[in-house]
Amino acid sequence: MKLEIRRDTPVYDLSLIRGMWETRVKKQKVRQRREQERLTQSALQRVNQQWQFRIACRKMKSSEMVELQHYLERTSLREVTIEPYLTPTEGQDTGDSGLDVEEKRFIFELTGDQWKEVPATLFEMTYLREWHINATRILKIPEFIAMFQELSVLDIPKNCIDELPAEIGKLTQLRELNASYNKLSTIPPELGDCENLERLELTSNVNLMELPFELSNLKKLVHLDLAENKFIGVPICVLRMSSLQWLDMSNNGLKDLPQDIDRLEELTTLFIHKNKLTYLPMSLANITTINMIVVTGDDLTRLPARLGNDPAIKFIRLYENPIGQETPEQEGAEGEGEREGERRLSDDREFLHTYIDSLKERDTAPLYTRKVSLSCLL
């Protein structure tokens with residue numbers, strides 16, 4: 001009698017297995033999404049950004065580092081809280097100011113939002129040499145300012161001033177004018193008569209988009225700040241300021257730089273960050289005095305080779321997009337997690353390589369041979 005061997009063959013329900021794996025895949029995607037949200041809200045990106053900035057600063061002179069730090073930390077008036085100005089009687093230390101009682105007699109200071117106009121009594125103090133009017137609600141600078149022939153400093157930032165009087169052109173001794181964070185839309189042509197002006201700051205006036213050609217007469221101007229306005233090009237008058245050394249036109253609407261920008265033969269520092277530049281003209285490399293350029297690198301496709309190869313030039317490209325930022329079109333796309341992971345890994349590797357290389361150079365390369373080869377990510 002032949003024995004029959006029976007084997008039990010298990011029967012699997014593939015639909016259950018598929019359902020189980022689909023559940024696992026969904027949970028994994030949820031975990032990845034939560035992890036991405038956690039990274040986005042965490043301080044890791046900021047820490048990474050700060051490390052890269054520190055690496056770049058290690059290769060810069062102290063004066064250049066302070067200048068760049070001031071530039072990066074600057075925000076518009078809409079984003080800052082105005083601190084009230086403290087007079088010496090309110091605890092301000094004047095021990096290092098070097099000003100004695102006689103010198104202070106020539107300085108006028110006014111602050112506080114309770115002020116809506118310049119006090120009329122100021123008319124009797126035409127001997128003043130400096131005006132400092134900050135954080136008030138003053139709308140106009142009085143026309144009698146023309147009487148102050150000894151005025152050398154006109155410091156009027158963070159007010160509500162929407163117009164400068166034409167009489168300002170009679171201030172022939174004026175050396176510094178700071179009208180930043182106001183509501184100016186035009187600059188009077190008469191300002192060009194202030195031929196001794198050395199420093200002009202017009203930051204964040206929002207509606208300011210051009211300068212009068214008469215400002216070409218400012219041949220002694222060395223510092224010009226036009227950041228955070230609506231300029232779509234470098235004003236013609238700026239190219240004729242032959243002594244200009246420091247120019248800031250960041251956060252405007254610049255699409256290109258003029259081909260004759262090399263007319264600024266004494267320019268040393270140029271800030272053109274947060275614009276719409278896609279290239280830098282070759283003529284920029286003809287400016288032999290330039291030693292620092294800060295530009296947005298997201299859209300740049302062409303730039304002079306000298307800017308990246310000359311160790312005497314600190315050429316710094318800042319990027320707007322944070323690491324790992326996703327666009328709405330990418331969300332839900334197939335393989336999104338893998339691509340994002342690869343991109344993040346590539347960024348991390350580049351950061352680590354740069355950091356390690358900088359450590360190697362600290363003890364071997366003299367400071368005067370170093371150049372910034374790292375692009376800061378913002």
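Placed above this text is the structure.
On a predicted model such as this, the values are computed, not experimentally measured, just so you know.

**A short note on the pairing of strand β2 (residues 130–134)**
Counting buried positions along β2 yields four of five residues, so the element is predominantly enclosed. Pairing of β2 with strand β3 (residues 153–155), which is carried by three bridges, proceeds in the parallel orientation. Following the sheet pairing, E130 is matched in β3 by V153.

**Comments concerning the pattern of salt bridges**
Within the structure shown, the criterion is met by four salt bridges. D162 is the partner of K140 in a salt bridge, and the nearest nitrogen-oxygen pair spans 3.2 Å. On the criterion of sequence distance, the pair formed by K140 in the loop between β2 and β3 and D162 in the loop between β3 and β4 (176–178) is long-range, its members being 22 residues apart. Of the residues examined, K140 reaches a relative accessible area of 44% and is grouped as partly exposed. Its relative accessible area of 34% is what places D162 among the partly exposed residues. In this structure, E201 engages R199 in a salt bridge whose closest nitrogen and oxygen atoms are separated by 2.6 Å. Sharing partners across several salt bridges, the network here consists of K140, D162 and E163.

**Structural notes on the nonpolar core**
Residues W131 and V238 are the most contacted members of the largest nonpolar core, which totals 62 residues. Only β1 (107–111), β2, β8 (269–272) and β9 (292–296) provide two or more residues apiece to this core. Here W131 is in contact with F108, L122, I141, P142, F144, I145, F148, L151, V153, L154 and D155, once residues within four sequence places are set aside. Counting seven residues, the second largest nonpolar core, distinct from the first, contains M60, F271, V294 and L318.

So, how was this worked out
Residues numbered from 1 in each chain as written. Predicted model: local features only at pLDDT ≥ 70, side-chain atom pairs only at ≥ 80, totals over all residues. Heavy atoms only, no water. Buried < 20%, exposed > 50% of the residue type's maximum accessible area, 1.4 Å probe, protein only. Helix = DSSP H or I, 4+ residues; strand = E, 2+ residues; numbered from the N terminus. Pairing = 2+ DSSP bridges. Salt bridge = Lys/Arg side-chain N within 4 Å of Asp/Glu carboxyl O. Core = buried A, V, L, I, M, F, W, Y, C linked by side-chain atoms within 4.5 Å. Contact = heavy atoms within 4.5 Å.

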